[in-house]
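# Structural overview
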Amino acid sequence: MSGFVAGLCVAILPLLAAGFWLGRRTARPQSLGDLGTPVEHATFETLHTATLAAPPLRAGLTEEAARKSARRLRSLLGTDALCLTDRTDVLVWDGIGQHHRTQIMELLAGPLESGRGEALPLSCDSPDCPVRWAVVAPLTVDDRVHGALVACAPRESAVLVRAAGEVARWVSVQLELADLDQSRTRLIEAEIKALRAQISPHFIFNSLAVIASFVRTDPERARELLLEFADFTRYSFRRHGDFTTLADELHAIDHYLALVRARFGDRLDVTLQIAPEVLPVALPFLCLQPLVENAVKHGLEGKGASSAAAKCHIGITAQDAGAEALVVIEDDGAGMDPDALRRILAGEVSPSGGIGLSNVDDRLRQVYGDEYGLVIETAPGAGMKITARLPKYQPGVHSAGRLTAP
Amino acid sequence: MNSSYAVPAVALVALATVLVGAFGLRISRTTSDFYVASRTVGPRLNAAAISGEYLSAASFLGIAGLVLVQGPDMLWYPVGYTAGYLVLLLFVAAPLRRSGAYTLPDFAEARLSSQAVRRLAGAFVVGTGWLYLLPQLQGAGLTLTVFTGAPDWLGGLVVAVVVVAIVAAGGMRSITFVQAFQYWLKLTALLVPALFLILAWQGDGAPRHAFDEPAAFREQRVVRVDDTITIRLRDPLTVTVDGTVDGRVHEDRRIRLDAGPHHIKNGTRLTFARGDEVPARDHGTGGGLSPSLAESRGERPLYATYGLILATFLGTMGLPHVVVRFYTSPHGVAARRTTVAVLGLIGAFYLLPPVYGALGRLYAPELTLSGDADAAALLLPGRMIGGVGGELLGALVAGGAFAAFLSTASGLTMAVAGVLTQDVLPSRGVRHFRLGTVFAMLVPLAASVLVGGLPVADAVGLAFAVSASSFCPLLVLGIWWHRLTPPGAAAGMLVGGGSALLAVAATMAGFPKAGALHALLAWPALWSVPLGFLTMILVSLATPGRVPPGTAAVLARFHLPEELRAEVKA
């Protein structure tokens, strides 16, 4: 019988999953039947319908939003037909009397221009058409008319005019919220662009000074360093796309470290451990290099500038972790007081040293969500370990262009 | 057969897997090799990794068993398993890589920007993954039973524990090297013993009648029947019986069985003399177990063969553990080159199992009776060569088989666990990948203990059928047809994949036993794949307003080579 049991399991599991999903989808607040007076009950019903109509409208006045919300709005008004338009077209006609659809835009010219609600008679060829009157209520956002809500009824009714006006104002509020959402998205995008890390001017001066020091003594080395410098600046000044791949970012770090090594010589010791399958992961442009720069700085600080022989060790690890890549950057330098670090990351203070960290943290949170912020383990004198988790796939995150040739 | 070398071999494979997984990162300490360390995975390494993950117990043991029992008709299995990559190469590989998707749900979201379709695809990934994990665990149980006589469920438990321990402890820090290592290990484990076996076969005078019907015993042989079965004799036969035949108990007595069917109770020992014909086993009577689909295909061989071809050709692209490996390729062209290399590597590997099947028919024909045909590859070295050498070669095969379970099971577990943690389990800040791993392995483990012996290659074939009828339409239409809509994709996956899943469930439950309906349900791909495509196309055409905005841009990204994209953006 075990085969039968197996078949039963295979058949029942999807059913269970589907039932679970349906249950989640259709779960409503407890029945309101025995809750309060009939008036209160009606209020709850109305509020519930309004709640259901709201989410689609938050996408703005589009055809899909109109289609999804029109039925709810019609049941809110209790009319036979309801129509939503923008300034030029009918977006949706819900209910009976579809043949008026073509006629409605001509009627709307006046109200759309004036921004005032009206009740208009409809002309119809068929004698038993139940739709005789159209109540027009404009949808306005910031005093600009964006469209209209048209409720149709068999006869003229002051109640309907009033109700349509109120519903139209409620819809307008939702559209204003949609507008706010859009501005917020634009703000975030602008912020990401503004946050796009820039290499520090100090680094440019220091690099050029180091190269200059080699020009006479070791021209070949100076030439190599100049090429590294060119590669690194080309990468960091490039303008297309906000995202790059881990492989490209690591190459930029390589160029950066070559220049830093020229300056600090043997005092810097770097270990790299890479799981090659995470190299194609797309990530925000220049979001690891600041972390390495930070590690170099902290590492060398901790050893004290006086003891030139002291070495600093930096480890960079990139490994595979299911649907994410795990990048760890650690140094054995001075470390930091966790409270001070917390203040830097919260943006309360902005000392020269921490700007790179909080910038990277902000960008990672903007792109991947709050749970993907940097995780930093540190204490004074104990070095610093920074962990970044990068999802392998995130909608909208695509590296621009091809990886550098292997 | 007991072998003192098999257990150390298996332990060695597990240890090597852990070590390569934990320390197989590219390490650089000086400036000069920094560049080498951060170089992306080349097509050849990635192809070995994909092949290592793909070649499962069904390939390693199952095909030899099928050829042993059914003869050369079964060569369609390896052909289908390989040719799936050809379809993948032609239609899917490069656009899939360019989509940037890591898993199949990611692809659904990238193409259709719909959370509902994403969740549905996730559910099918979990379903296919579990269906595919089940035979891996059973195969492991079989291997351990053959070598140590341990109970059936123990091997599955060992693999499950090892995989969960490695994956959940974060031991797979670099899965590419692990899987590439497993591929070469598996190839060696079949190739070296095969060479010795062929030498032994040559030394035996190279008998060529492997597939002449019927197979005959080459020496006196005691067969212990583990299931209650019915055998069918063409001619009267005299055997020594210790146990119950046709309801009568015999104790080590020579009796004469007439031509016709005979009922043999489990636990019975039959001793055949040299030159005796191997009796044919009646299908459909193996107690509560469903008969091997391969056996019942005899009724409608043409239909069954086409069903198999369609399922394997189109099902490969939807296997969750194969898809995620393409992400490792740095770009679309590399993904294509990788697929070509995979075709070569897998094609080379599949030359070997049929050799074991053919030799098994000559030297271990009784396996068809005892129901352990899948063990042919494990038993042959000991049987044909014998001595310490035979045992060592047997241990090598056992190690390779264990590598097959480990690599496929760990790849599947990671794929299923990834979907479970991302889309099913509630997220609490840091997602519970470990919990997902345990959950991903627990369900098939419980099922394998409950279900017992479903033939390994069959269960895999069913997983292929479900994958072919749900993901193949999604991938092919998603990549090549701009009018696909989210409702269409959801409906197509539900109708195609759902009907295939129901057919699988009915077949596993043993309903119906025979007839046209049984053939239809046992080989569902031939009708469920077109059904899935048709539903997807019709529902998409019926909902033209739901084509996601930005489809043109998404398709352009799928099909344009990466260099061009960079130029356009710049």
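Residues numbered from 1 in each chain as written. Chains lettered and ligands numbered in written order. Predicted model: local features only at pLDDT ≥ 70, side-chain atom pairs only at ≥ 80, totals over all residues. Heavy atoms only, no water.

Let us now look at the overall build of chain B. Per the secondary structure count, chain B includes 24 helices and 8 strands. Sequence-distant contacts, at least 24 apart, represent 82% of the contacts inside chain B between residues at least 6 apart. Only carbon and sulfur atoms are counted for the fraction: they give 65% of the accessible area of chain B, which is about 20700 Å². (Helix = DSSP H or I, 4+ residues; strand = E, 2+ residues; numbered from the N terminus. Contact = heavy atoms within 4.5 Å. Areas by Shrake-Rupley, 256 points an atom, 1.4 Å probe, with all protein chains shown as cover.)

Counting its secondary structure elements, chain A contains 11 helices and 12 strands. Of all 406 residues assigned to chain A, the portion counted as buried reaches 46%. Contacts in chain A between residues far apart in sequence, at least 24 positions, make up 63% of those at least 6 positions apart. Carbon and sulfur atoms make up 56% of the accessible area of chain A, which totals about 20300 Å². (Buried < 20%, exposed > 50% of the residue type's maximum accessible area, 1.4 Å probe, protein only.)

To continue, consider helix α4 (residues 101-114) of chain A. Residues and elements named next belong to chain A. Residue Leu-108 marks the point of greatest curvature in α4, where the axis turns by about 45°; the proline Pro-111 follows within four residues. For α4, the set of buried residues is Gln-103, Ile-104, Met-105, Leu-108, Pro-111 and Leu-112. Looking at the buried positions of α4, the neighbouring elements they touch are β1 (81-86), β2 (90-95), β3 (118-121), β4 (133-141) and β5 (144-153). Positioned one or two residues after α4, Gly-115 has a phi angle of 80°, which is positive. (Bend = angle between axes of the 7 residues up to and from the residue.)

Turning next to the pairing of strand β3 (residues 229-233) of chain B. Residue and element names in this part refer to chain B. Here β3 lies mainly inside the structure; 4 of its 5 residues are buried. As judged from the 5 bridges shared by β3 and strand β6 (residues 260-264), these two strands associate in the antiparallel manner. By the bridge assignment, Arg-232 is partnered in β6 with Pro-261. (Pairing = 2+ DSSP bridges.)

The next subject is the sheet that holds β4 of chain A. All names here are of chain A. As summarised here, the arrangement of the 5 strands in space is β2-β1-β5-β4-β3, forming an open sheet in which the pairing is antiparallel. Edge strands, defined here as strands with exactly one partner in the open sheet, are β2 and β3. Across the sheet, the mean angle separating the axes of adjacent strands is 20° when strand polarity is ignored. Relative to the sheet, helix α3 (residues 63-77) contacts β1, β2 and β5, its axis offset from that of β2 by approximately 35°. Along the sheet face, α4 touches β1, β2, β3, β4 and β5 and points at about 120° away from the line of β2. (Axes fitted to C-alpha atoms, helices over the stretch in contact; angles between N-to-C directions.)

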